[in-house]
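What follows is the residue order along each chain.
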Amino acid sequence: MAAPVAINSKDVDAFLASCAASGDAAYDAAKAVLQRLQDPASRAAARRLLGAVRRRFADGQEDECARTFHFRFRDVVLDPHHQGSQQRKKLTMMEITSIFISEELSFTFYEGLNQLPDPVFRDKTVAELECGNGWISIALAEKWSPLKVYGLDINARVIKIAWINLYLNALDEDGLPIYDGEGKTLLDRVEFHESDLLAYCRDNKIELDHIVGCIPQILNPNPEAMSNIITEKSSDTFLYSLNNYYDIQSFAEDQFGLGLIARAVEEGIANIKPMGIMIFNMGCRPGQGICERLFLRRGLRINKLWQTKIMQATDADISALVEIEKLCPHRFEFFMDLHGDQPVSARTALAYMRSGGRVSHAFSVYSCQLRQPNQVKKLFEIVKNGLHEVSSPLDLSFDDDSVVGEKISFLVYLASLLKDNKPIPYEPPAGCLNFRNLVAEFMNSYHHIPLTPDNVVVFPSLDVAIESSLRLFSPALAIVDEHLTRQLPKQWLTSSEIEIHKKGGADCSRAADAVAVIEAPCQSDLLIELVRKLKPQVVVAGIAHFEVYSGMEVAFAISGAAVCEALSQTIELLEGHTCVISQHYYGCLFHELLAFQIGDHPPQQERQPAEVKPQMMIGFSNSARSTLKEAEFFVPDSKDSSVIHMDLDRSFLTVPSSVNVSIFESFVRQNITDSQTDVRSSIEKLVGYNYGFPGEDCPDIAEVSYRKEIMYGSTCLALFNKLVLCCMQEQGTFLFPFGTNGHYVKLAKFLNAKTLTIPTNVDSGFKIEPMALDAALEDAYENKNVTRAWVYISGPTINPSGFLYSDGEIKDLLSVCARRAARVVIDISFSGLEFQTDGWSQWNLSTLSYDICLCPPLSYFMLGELSLELTTAGLEFGFLISSKPSDVEVSFRNLSQPHSTLKYTFRKLLGLSQPHSTLKHCFRELLGVKNECDGLFPNLIREQKEKLKSRANKLTKTLESCGWDVAGGHGGISMLAKPTAYIGRSFKMDGFEGELDGCNIREAILRSTGLCISSSKWTGIPDYCRFSFALESSEFDRAMDCIVQFRELVLGDD
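Since this is a predicted model, take the numbers as computed values, not measurements.

Draft legend 1. Summary view of the overall build of the protein. The helix and strand tally for the protein stands at 40 helices and 31 strands. Scored against the burial criterion, the 1054 residues of the protein give a buried share of 57%. Partitioning the contacts of the protein with sequence separation of at least 6, the portion at a separation of at least 24 is 76%.

Draft legend 2. View of the sheet that holds strand β14 (residues 538-540). If you trace the three strands from one edge of the open sheet to the other, you get β13-β12-β14, paired in parallel fashion. Every other strand in the sheet has two partners, leaving β13 (517-520) and β14 as the edge strands with one partner each. Strand-to-strand twist in this sheet, taken as the mean axis angle between neighbours without regard to direction, amounts to 20 degrees. Relative to β14, strand β12 (residues 478-481) is paired through three bridges, and the arrangement is parallel. Pairing of A478 across the sheet is with V538, part of β14. Here helix α21 (residues 524-534) sits on the sheet and contacts β12, β13 and β14; the angle it forms with β13, its principal contact strand, is near 155 degrees.

Draft legend 3. Summary view of empty space enclosed by the protein. Using the criterion set out here, one finds 10 cavities of 30 Å³ or more in the structure. Every residue lining the largest cavity is counted, 24 residues in all, and those nearest its centre are Y426, G576, D649, L717 and H743. When contributions to the lining of the largest cavity are tallied by element, the ones reaching two or more residues are α29 (716-729) and α30 (742-750). Residue composition of the lining of the largest cavity, by class: nine nonpolar, seven polar and eight charged.

Draft legend 4. Seen up close, the sheet that holds strand β19 (residues 754-758). Reading across the sheet, the seven strands line up as β17-β23-β22-β21-β20-β18-β19 and stay open at both edges, with mixed pairing between neighbours. On the outer flanks of this sheet lie β17 (709-713) and β19, each paired with one strand and no other. Taken over all neighbouring pairs, the strand axes of this sheet differ in orientation by 20 degrees on average, direction set aside. Bridge count for β17 against strand β23 (residues 878-882) is five bridges, and the pairing is antiparallel. Within the sheet, the bridge partner assigned to G713 lies in β23 and is G878.

Draft legend 5. Representation of unusual backbone geometry within the structure. In this structure, P796 follows G795 across a cis peptide bond, with omega equal to 0 degrees. Its place among the elements puts P796 in the loop between β20 (789-794) and α32 (807-819). Of note, the amide linkage connecting N799 to P800 takes the cis form, showing an omega dihedral of 15 degrees. Within the secondary structure, P800 sits in the loop between β20 and α32. A positive phi angle, near 55 degrees, is found at K205, a position not held by glycine. You can see K205 is positioned in the loop between α9 (199-203) and β6 (208-213). One non-glycine residue, N785, adopts positive backbone phi at about 60 degrees.

Draft legend 6. How the structure looks around the packing of helix α1 (residues 9-19) against helix α3 (residues 43-56). Across the interface, α1 lies against α3 with an axial gap of 10 Å and an inter-helix angle of 80 degrees. Taken together, the axes of α1 and α3 are roughly perpendicular relative to one another. Taken together, the residues of α3 that come into contact with α1 (itself represented by S9, D11, V12, D13, F15 and L16) are L49, A52, V53 and R56.

Draft legend 7. Quick peek at the confidence of the model for the protein. Averaged over the protein, the pLDDT score is 81; the fraction of residues at 70 or greater is 80%. The least confident element of the protein, judged by mean pLDDT, is strand β25 (residues 908-909) at 26; the most confident is strand β5 (residues 190-194) at 97. Segment residues 504-510 is flagged for pLDDT under 50; beyond a separation of four residues in sequence, or across chains, it makes 12 contacts in the model.

Draft legend 8. Up close: the packing of aromatic side chains. A full pass over the atoms with the stated rule returns 36 aromatic pairs. An angle of 35 degrees between the planes, with centres 6.3 Å apart, marks the rings of W163 and Y167 as tilted. Here W163 pairs with Y167, and both are found in helix α7 (residues 156-170), just four residues apart, close to one helical turn. Here the two residues W163 and Y167 agree in accessibility, since each one is buried. Their ring planes at 85 degrees and their centres at 5.1 Å tell us that W964 and F1027 sit as a pair that is edge-to-face. Pair noted here: W964 is in the loop between α37 (936-961) and β26 (965-967) and F1027 is in strand β31 (residues 1025-1028), with a separation of 63 residues, a long-range link. Its relative accessible area of 3% is what places W964 among the buried residues. Of note, K309 hangs over the ring of F335, and the distance from its end group to the ring centre comes to 4.2 Å. One residue, R1026, lies across the ring of W1018, its end atom 3.9 Å from the ring centre.

Draft legend 9. Seen up close, helix α27 (residues 680-690). The complete set of buried residues in α27 reads S682, I683, L686, V687 and N690. One face of α27 carries all of its buried residues, which in axial projection span an arc of 125 degrees. More than 90 degrees from the buried face of α27, the exposed residues found are S681, K685 and Y689. Backbone geometry just after α27 places G692 at a positive phi near 80 degrees.

Draft legend 10. Geometry of the pattern of salt bridges. Overall, the coordinates contain 40 salt bridges when judged by the stated rule. The residue R263 makes a salt bridge to D196 at a minimum N-O spacing of 3.0 Å. Taken together, the residues span a long stretch of sequence, with R263 in helix α11 (residues 259-271) and D196 in the loop between β5 and α9 at a distance of 67 residues. Via salt bridges that share partners, D63, R72, R74 and E95 belong to a single interconnected network.

Draft legend 11. Seen up close, the packing of helix α13 (residues 319-327) against helix α14 (residues 346-354). Direction vectors running N to C along α13 and α14 enclose 145 degrees, while the axes themselves pass 8 Å from each other. Viewed along their axes, α13 and α14 form a crossing whose handedness is left-handed. Across from S319, L321, V322 and E325 in α13, the residues of α14 making contact are A346, R347 and L350.

Draft legend 12. Focus on the pairing of β12. Alternating positions in β12 separate into two faces, A478 and V480 on one and I479 and D481 on the other, with burial throughout. Of the strand pairs in this sheet, β12 and β13 are connected by four bridges, and their pairing is parallel. Paired with D481 across the strands is A520, a residue of β13.

Draft legend 13. The arrangement of helix α17 (residues 433-447) in detail. Along its 15 residues, α17 runs 20 Å from first to last C-alpha, staying within 8% of the 21 Å computed at 1.5 Å per residue. Among the residues of α17, those classed as buried are F435, R436, L438, V439, A440, F442 and M443. Looking at the buried positions of α17, the neighbouring elements they touch are β11 (456-459), β15 (555-558) and α23 (580-595).

Draft legend 14. Expanded view of the pairing of β6. β6 sits mainly inside the fold: six of its six residues count as buried. Sheet topology places strand β3 (residues 125-129) next to β6; four bridges connect them, and they run parallel. Counterpart to L129 in the pairing with β6 is G213.

Draft legend 15. How the structure looks around the state of the cysteines. This structure, assessed with the given rule, holds zero disulfides. Free of any disulfide, C579 has its nearest neighbouring cysteine sulfur in C432, separated by 9.1 Å.

Draft legend 16. Looking closely at the side chain of S461. Tracing the sequence through the fold places S461 in the loop between β11 and α18 (462-473). On the basis of relative accessibility, which here comes to 7%, the residue S461 falls in the buried class. Sequence-distant contacts of S461, that is, excluding residues within four places in its chain, are made with E553 and A555.

Draft legend 17. Up close: the environment of E993. Positionally, E993 belongs in strand β29 (residues 992-995). For E993 and A1004, which are 11 residues apart along the polypeptide, the C-alpha to C-alpha distance reads 8.3 Å. Ignoring sequence-local partners within four residues, the contact set of E993 consists of F987 and K988.

About the criteria used
- Throughout, residues of each chain are indexed from 1 in the direction in which the sequence is written.
- Since the coordinates come from a predicted model, pLDDT governs what is reported: local features require at least 70, and pairs of side-chain atoms require 80 or more to be given and counted, while whole-chain, interface and lining totals use all residues.
- Each side-chain value is worked out from all heavy atoms of the structure, with water and hydrogens disregarded.
- Numbering of helices and strands starts at the N terminus; helices are DSSP runs of H or I of at least 4 residues and strands are runs of E of at least 2.
- Relative accessibility decides the category of a residue: with a 1.4 Å probe and only protein chains considered, values under 20% of the type maximum give buried, values over 50% give exposed, and everything between is partly exposed.
- Only heavy atoms matter for contacts: two residues are in contact if any of them lie within 4.5 Å across the pair.
- Strands are labelled as partners when DSSP assigns at least two bridges between them.
- Note on geometry: axes are C-alpha line fits, over the in-contact stretch for helices, and angles between N-to-C directions span 0 to 180 degrees.
- Any residue with an atom within 4 Å of a point lines the site, the site being either a cavity, points on a 1 Å grid over the protein atoms alone where a 1.4 Å probe fits but cannot get out, or a pocket, an open set with protein on both sides within 12 Å along at least 5 of 7 lines.
- Grid points are joined across faces, edges and corners, and a volume is the space filled by probe spheres set on the points.
- Any residue outside Ala, Val, Leu, Ile, Met, Phe, Trp, Tyr, Cys, Pro, Asp, Glu, Lys and Arg is labelled polar, Gly included; the first ten of those are nonpolar and the last four are charged.
- Roughly parallel refers to an angle under 35 degrees, roughly antiparallel to one over 145, roughly perpendicular to one between 65 and 115, and oblique to any angle outside these ranges.
- A score between 0 and 100, pLDDT records how confident the predictor is in each residue.
- Stacked, tilted and edge-to-face pairs are distinguished by plane angle, under 30 degrees for stacked and over 60 for edge-to-face with tilted covering the rest, among Phe, Tyr and Trp rings (Trp via its six-membered ring) whose centres lie within 6.5 Å.
- The criterion for a charge sitting over a ring is simple: Lys NZ or Arg CZ within 6 Å of the ring centre, and within 35 degrees of the ring normal.
- Directions pointing from the helix axis toward each C-beta atom define the arc.
- Note on definitions: salt bridges are taken to be side-chain nitrogens of Lys or Arg within 4 Å of carboxyl oxygens of Asp or Glu.
- Crossing handedness: left-handed means the near helix sits turned counterclockwise from the far one by under a right angle, and right-handed means the same turn made clockwise.
- The length a helix should cover is 1.5 Å for every residue beyond the first.
- Here, the term disulfide refers to a pair of cysteine sulfur atoms separated by no more than 2.5 Å.

Written out as structure tokens, the structure is:
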């Protein structure tokens, strides 16, 4: 091998001369040397030049070199006490004035890295963020022999210097490669790239085993994006201060100067392998709790590798931290000198520094790994691409490790469900098919009971499941576990029917469909003795109950297909359905249980049901039997085709992104406070603005007679269920107008409530006329033995006709009700989407006269739902506002109990399925947005109204062209039409045969086209059917085609 060529001192002098002018000149000279180092032909000579320059300023002359020539060399000593694979004990590093290196921070960080065992980095792909002059990346490669280290920094100049330092240490003084034990050089193991955090790795699809970073966290008032203003031409002063750069990152940690680290962590989650480790420094001025929470709330498990105290730089301005302390209760943590153990606030620290003292703060190095790596990575990917607004409130820190997997799995599912702004899918009242499948599989796998989804019915809660089942069967006597009777009607628990049953059994005379319940002890032998002696028809005992999200509950019953169908119909009438989100959550639980397999588990014999004699089975109650026979229920999709639903009381229009963001945010937050879930003031503001509260403008009324109470339910139907029971309890009678929502009428009949009808007609838009109401009430009191009348009024938008009551019209009706001492249920749940309002006067019930409100007192209930009002398309939230006059208070008290597990200021109805606290928070946020009249949300509501108006016009034209007489409405999501051209026509197809009328036309259209509407059996108006038109665009177009297709099948060319 030829002898190395010596470097001429003139070359050294020339290099120094080119550096002397300025820092920029020194950088240009260094960059020219780097170009020679990158060229294999000139590499050795360039390395020898750097060696000669370094020797020129040996023996403590480094500072003189920096002052004169704007660069210097220094040795970085690797701790000789740490054992590893490195052969050398120090690295040689070049520095220029535009690169700031905090020796104390970087060496403390390296000390933390040294706490890890040697195999952690060996043969791994590693990225170092904010690598600076590259010494840690080079030291890491030198000591642990990783497969590759990517040193990344946003500063273009430091990347050039880092490459120079890599060549300085990869080549010896003669410019020859230095090989390690594996025959590799540092050039094989290390690369440096200009990159905003992990942008280089992301763009080049590099998946990392580990990520390390000593990232700055000092507040910078300049909010401009750093990547747009940092260039090689930036001044020395600016680049030197880059260590302190802090762009506003849109994270909750921004206020503590930790936003850049927060972004690094989230980028790391996307780029790191599932079992990878991230290691970051953390200056703990915000406090240990704040610093650790940055990692914990992103689903990371943390380990503190190293901690020490470092002195706060004397020229550092911490006044910004003092300002933060003024605005919030948080206190930063500083220490007086290095030895103090008692932390002091930023304000105290600043005062001490200005008096000549020195302060320090804790400095920690954390390693962190994902707790549920695959799920957390998927969740952050969805959040980034569709729900990025919830990044700040996202909180995956769970106190109970046993629920981490289930909760994160659920959040992933929920995020994927919401990210595309589609409405939540409508599921059968029996429950989501997927959830019922999981329940059936679980019962088969764990309990060896052969089930299908048809054997499973889902309920909103255990209390609802028990009460609904007892109402369906109406047993003369039921024995129920004492822990499960808390929410049952009190009259069932105090019923005198027990004596009748004891004397003569189930066939003895008793009140129609009356139920008597005995509370059973938990002890099994005592329960058996009670059953043997009392011979009840129904026994409810031993039901397991668990909750993971406090207050979020579902229940399910398993039985034969016929019973399950009846239970499903009961739920549809009394509750509507079970919250889809709750079912998805517990579906994730069942999925996890089914994924858990026990090896070498001996197969168990399938359990078969005992033989049952049909004559010994209890039947359904009389009212349930007749109602289930008459009512129209949800029609599920068949195996071969899907049903187009124009028979549902919900919207399928596109959901605004702000709605889905609010839903998801409510579930990803932790420790939501009572005040954050209190929607009372928001609902009062909404109702007061849109409708007004009766008599509120009259001080005498507001102070003397009316005390509003607001109650909440998972659905509006569930609340109406309780109103009917309240009416029955005071021996009242419900009066429904012709053309009332069919579910409400059938619900009252199912409960065996007394009902009467108020006549309406098509000429008035099926509105109640004051004279007709007055006559109906007079007849009820004088001829129908009615002692207390309850009048149901749907408005301003009438469901299902879509016509509107004006302010004058509703006041006339309330005047009649007040004069006749009738209670009024004002159902506003289908209002808020009025799209044809020319000549219509908005309600202002607050201006009701004194005579109407107090002589005698008007007793009213306002029944509302926020799903249409807030365009949530499938997420329901019902509320009931009661005027609470004194003579109704007793009735409600008997039905109400404070929830034992929720600390809210409102009360809930007995047995009422409550919306979960996360949904209360969600709707509170949405109401806040909606109540901002000048914001984006009102514009979205206006857009939906225009879309509904367009749909209504198109549906009207299509129906009229196909032989229907349309009673066109002016608001809401449905209208009525009469099949005039079809009545009396003979039709035969797909199992249907007969003369068409207003009742059977639903089945005929469904069988022939797949379109499902509500017939006159549902509307209660002879021959008038209901069409809901708030469908997704393609479904609406298909529905129009079905209407035309049915015309061609029945009428042909007529």
